[in-house]
Amino acid sequence: MKISVIGAGYVGLVTAAGLSKIGHTVVCQDIDKEKIAELKKGQMPIYEEGLEEIIKDEMKKGRIEFTLDCKEAIDKSEIIFIAVGTPPLDSGETDLRYIESVSKEIGGKTKADKTIVIKSTVPVGTSKKVKEWLGEKNKFEVVNNPEFLREGTAIKDFLEPDRIVIGGSEKACSLLKEVYAPIDCPVLCTDNESAEIIKYASNSFLATKISFINLVSRLCEKTSANIKDVAKGVGMDSRIGSKFLMAGLGYGGSCFPKDVDSFIYTAREKGLDFGLFEETHKINKEQRIMFFEKIKKELGDLNGKKIAVLGLAFKPNTDDMREAPSIDILKMLRKEKAEIHAYDPIAEENAKKSIDGLKTYPNIYETMDNADVLVILTDWAEFREMDFSKIKKLLKNPLIIDGRNMFEKIEGFRYVSIGRKTKE
Ligand code: UGA
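One structure accompanies this document, and this report is about it. Since this is a predicted model, take the numbers as computed values, not measurements.

Cut-offs used in this document
Residues numbered from 1 in each chain as written. Predicted model: local features only at pLDDT ≥ 70, side-chain atom pairs only at ≥ 80, totals over all residues. Heavy atoms only, no water. Phe/Tyr/Trp six-rings, centres within 6.5 Å; stacked < 30°, edge-to-face > 60°. Helix = DSSP H or I, 4+ residues; strand = E, 2+ residues; numbered from the N terminus. Buried < 20%, exposed > 50% of the residue type's maximum accessible area, 1.4 Å probe, protein only. Lys NZ or Arg CZ within 6 Å of the ring centre and 35° of its normal. Arc of directions from axis to C-beta. Contact = heavy atoms within 4.5 Å. Axes fitted to C-alpha atoms, helices over the stretch in contact; angles between N-to-C directions. Parallel < 35°, antiparallel > 145°, perpendicular 65-115°, else oblique. Left-handed = near helix turned anticlockwise from the far one by under 90°. Nonpolar A, V, L, I, M, F, W, Y, C, P; charged D, E, K, R; others polar. Pairing = 2+ DSSP bridges. Right-handed = clockwise from strand over helix to strand, strands pointing away.

### Some words on the packing of aromatic side chains
Phase 1: One pass over the full model with this rule turns up 11 aromatic pairs.
Phase 2: Measuring from centroid to centroid gives 5.3 Å for Phe263 and Phe274, while their planes differ by 70°, and the two rings are edge-to-face. Taken together, the residues Phe263 in helix α11 (residues 256-269) and Phe274 in the loop between α11 and α12 (275-299) connect sequence positions 11 residues apart.
Phase 3: The buried category is assigned to Phe263, whose relative accessible area is 12%.
Phase 4: Where Phe388 meets Phe413, the ring centres are 5.8 Å apart and the plane angle is 70°; that geometry is what we call edge-to-face. Separated by 25 residues along the polypeptide, Phe388 in helix α16 (residues 388-394) and Phe413 in the loop between β12 (399-402) and β13 (414-416) bring together distant segments of the chain.
Phase 5: Residue classification places Phe388 among the buried residues on the basis of a relative accessible area of 17%.
Phase 6: By way of ring pairs, the aromatic residues Tyr200, Phe263, Phe274 and Phe277 are connected into one cluster.
Phase 7: Positioned above the aromatic ring of Phe148, the side-chain terminus of Arg163 is 3.5 Å from the ring centre.
Phase 8: The side chain of Lys390 reaches across the aromatic face of Tyr365, ending 4.1 Å from its centre.

Spelled out as structure tokens, the structure:
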């Protein structure tokens, strides 16, 4: 099928790559000149495993192209995916200005029957607005097809999803089912509004699951329980499931914080109190403060203390720093005049944009020369392979404080983690 994807951000690029990979001919459009110029040369504006290979390969096959020209993208396709950003406003409300301008542009540039697929995360009721923005004279089908991909595993999540949700008319649903026919997974066809809510309900549930286990971890710390065993025992109940029960520094990223806020906002607009999710956020924020306090408790006065930090990205396998716990934690440490020496395998450049004057090093070991403590903020796989005998010689004190519970204990070190007894 001939498909265009409007917006070459995270979701847009992965969608464009995935759709071409499963055999469609895709035109991906964005208004960012630099981004499109890079993409035309096969250079990726974001880091995502496997993305570059697929895009380069599909470009060679002639199944994917990039353009600045919205009209060209619209004219060349029967189905138009909208994947532009839906950032949050200060109030928590979702800013739909990009969805609005793209919808108006599509409406103004074509009179032909086209199916418009909203891929961006949008609050319930947006599809109705999109229909209006497209213009009455046009007979567009508007479909909601929320994306559930995770950064770091986005390509796999696109090609092997748990489910595909399609919200719209029967006709539009069958068309979208055809689009996704090469993907083997359950498909839920529903109305637009339900599809819109499914996305927010899923993210809010997952965020709440994380805050839930973080809350329980606090009780484990006050007793001699072990949160890893508690989570394992709880997760063995198939009604609960073992995923997203990792206690630690809580969630960050571009999705959970903003989507939970938006869900609360939408509910409030309808006269409902979604206080449950306010609490989810509160616990998440507190988790960062409590971790900072753990460091302070171990080191006492932080003034002039050298802190080696491993991991800055909001989670492993991404260079994304949006809402990363590291930003808040480093801010608190610096306020007390601690000296930060940090390393992240790929988020260093973005981290420097979010954290002014951050001192970074090219590898794990250079960060910790003569440091008072080693602090882990992101659970990158390469940290599991660290040479602790080497680290012991480098650190001033054999002290490791781990915000991601990466180890059980570390021989020869005082090992402080989350929701578990400190191991000597
Ligand atoms: C999340 C959802 O998982 C995707 O399904 C959704 O499509 C996406 O948001 C979105 O709305 O676009 P993502 O933000 O990429 O994906 O990251 P996750 O892998 O879900 O992790 C979110 C955060 O939760 C990370 O900071 C991670 O460290 C934290 N987390 C995750 C925990 O603290 N504990 C866990 O057990 C799991």
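That covers the picture; the talk isn't over yet.
### What about helix α3 (residues 51-61)?
Phase 1: Every buried residue of α3 is accounted for by Leu51, Ile54, Ile55 and Glu58. One side of α3 holds all its buried residues, which, seen down the axis, span an arc of 95°. Facing away from the buried side of α3 by more than 90 degrees, the exposed set consists of Glu53 and Lys60.
Phase 2: Looking at the buried residues of α3, the elements they touch are α1 (10-21), β3 (64-67) and α7 (154-159).

### Quick word on the packing of helix α9 (residues 192-222) against helix α10 (residues 227-235)
Phase 1: Close contact between α9 and α10 brings their axes to 9 Å; oriented N to C, the two are set at 130°. Classed by the angle they form, the pair α9 and α10 counts as oblique. The interaxial crossing formed by α9 with α10 has right-handed handedness. Counted together, Ile213, Val216, Ser217 and Cys220 of α9 and Ile227, Val230 and Ala231 of α10 form the full contact between these two elements.
Phase 2: Split by residue class, the contact of α9 with α10 holds six nonpolar, one polar and no charged.

### Focus: the pairing of strand β2 (residues 25-29)
Phase 1: Burial within β2 is extensive, with four of its five residues counted as buried.
Phase 2: Pairing between strand β1 (residues 2-6) and β2: five bridges, direction parallel. Of the residues in β2, the one forming a bridge with Lys2 is Thr25.
Phase 3: After leaving β1, the chain enters α1 and then returns to the sheet as β2, a path that is right-handed.
Phase 4: Sheet topology note: the β2/β3 ladder contains four bridges and is parallel. Its bridge partner being in β3, Val27 is matched across the sheet by Glu65.

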